[in-house]
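# Structural overview for review
As a plain string of letters, each chain reads:
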Amino acid sequence: MTFKPPRPGHLVHYAAIQHFVPDGQDASGQPTGTWQTVSHQYMRRDGLSGRNVEIARQLYAAATHNLYLRYDSNCNRSARIVIGDATYAVGWVDVEGNEWMRATVEESWPGVQP
């Protein structure tokens, strides 16, 4: 699937791309650990509406936003993206050439870790 890359002046949200680093297990066997920032990027954040909702939810059922950024190999389905107080779980990544990416993401509720 192709998409129209954003113009550089539209990349206005400074974001951190984070990966989960496990350091053990809790009593029920679930992994414990911390989220560590692996890179920073300027991004464009678009909420989904109308036809874009249907297209995005075919790729990722819980999609709430599309984030557009320059290519970064750290942005994958095991990552999360933090913009200010908002945290997004990456559900799908679409690459246009080797220059641009579109991450279809789900916004997490405050206090809930993706």
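This text gives an overview of the structure that appears in the document. (Residues numbered from 1 in each chain as written. Predicted model: local features only at pLDDT ≥ 70, side-chain atom pairs only at ≥ 80, totals over all residues. Heavy atoms only, no water.)

## A word on the pattern of salt bridges
Within the structure shown, the criterion is met by three salt bridges. Of the charged contacts in the structure, one is a salt bridge between D46 and R44, with a shortest N-O distance of 2.6 Å. The partner of R70 in a salt bridge is E99, with the nearest N and O atoms 3.3 Å apart. In this pair, R70 sits in strand β3 (residues 65–70) while E99 sits in the loop between β5 (86–96) and β6 (100–107), placing the two residues 29 residues apart along the sequence. Look at E99 and you get partly exposed, because its relative accessible area is 44%. (Salt bridge = Lys/Arg side-chain N within 4 Å of Asp/Glu carboxyl O. Helix = DSSP H or I, 4+ residues; strand = E, 2+ residues; numbered from the N terminus. Buried < 20%, exposed > 50% of the residue type's maximum accessible area, 1.4 Å probe, protein only.)

## Some points on the environment of A61
By the element assignment, A61 lies in the loop between α1 (51–59) and β3. When the C-alpha positions of A61 and E106 are compared, they lie 9.1 Å apart, and in sequence the two are 45 residues distant.

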